[in-house]
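Read off the chains here:
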Amino acid sequence: MNSRSLGWIGSRRSLSVALVLILGTVSAGCAKGRGGGLGTNYDVFAQNFRYHGVPSTIKSGSFTVSFSNHETFPITHEMILAQLPSGKSATDVVTSAKVKGCVGGGDCESQYLHFGEVDDVFTGATIVGVFNLPPGHYFFACWQQGTANGGDEETGPPHASIGMVYTFSVTS
Ligand SMILES: [Cu+2]
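Quantities reported herein were computed from a predicted structural model and do not represent experimental measurements.

About the thresholds
- Residues numbered from 1 in each chain as written.
- Predicted model: local features only at pLDDT ≥ 70, side-chain atom pairs only at ≥ 80, totals over all residues.
- Heavy atoms only, no water.
- Pairing = 2+ DSSP bridges.
- Helix = DSSP H or I, 4+ residues; strand = E, 2+ residues; numbered from the N terminus.
- Axes fitted to C-alpha atoms, helices over the stretch in contact; angles between N-to-C directions.
- Donors = N, O, S within 2.8 Å, 3.2 Å for Na, K, Ca; no water.

Engineer: Explain the sheet that holds strand E4 (residues 61-69) here, please?
Structural biologist: Note on sheets: strands pair through backbone hydrogen bonds, and any given pair is parallel or antiparallel. An order of E2-E1-E4-E7 is seen for the 4 strands of this open sheet, with the pairing classed as mixed. The open sheet has two edge strands, strand E2 (50-52) and strand E7 (126-133), and neither has a second partner. Strand-to-strand twist of the sheet, defined as the mean angle between neighbouring strand axes without regard to direction, takes the value 30°. Strand direction decides the pairing type here: E4 and E7, joined by 8 bridges, are antiparallel. Pairing of Ser66 across the sheet is with Val128, part of E7.

In structure tokens:
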């Protein structure tokens, strides 16, 4: 790894802040919700191992998600976006995360077709993700494994296995 990429990692936080500022400017300059740019922004938050604020239907094209972690204890959440396989439901995704040995990034997560993510959002933080989806059925899930009592981030249950899965549709 060269110094340039290390520098980029070091500036991730300021990059996020800069992106938020840009988004603010874009939404102020755009017609409400539709049209050009990055599309509609959805303010989503995680609380009690659930997503709040994601609509059940989103129009195809670009949109942004400002994802905040509102837990009252220190923990990392994420929003991994994947296609919901045909005929499957949120319950099936939850069940698939209960398989013994399921870890974030492992077989239980990578079996799905991914469309982006908002990763590593610690308690109190907000990170913005930009997505662009064709019509279809999708879900957000969190495979992080920290626990409410500060438990191990590598041996706790994937949050998807305790219900941190949200399905939605994208329409044309
Ligand atoms: Cu989580």
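Engineer: I would appreciate a short explanation of the coordination of the copper ion in the present structure.
Structural biologist: Ideal values differ by geometry: the angle at a metal is 109.5 degrees with four tetrahedral donors, but 90 or 180 degrees with six octahedral donors. Every protein donor of the copper ion is accounted for by His77 (ND1), Cys142 (SG) and His159 (ND1), and the metal-donor separations fall at 1.9 to 2.1 Å. The motif formed by the donor residues of the copper ion, counted along the single chain, is H-x64-C-x16-H. Placement of the pair is His77 in strand E5 (residues 76-83) and Cys142 in the loop between strand E8 (136-141) and strand E9 (165-171), with a sequence separation of 65 residues.

These figures capture arrangement, not role.
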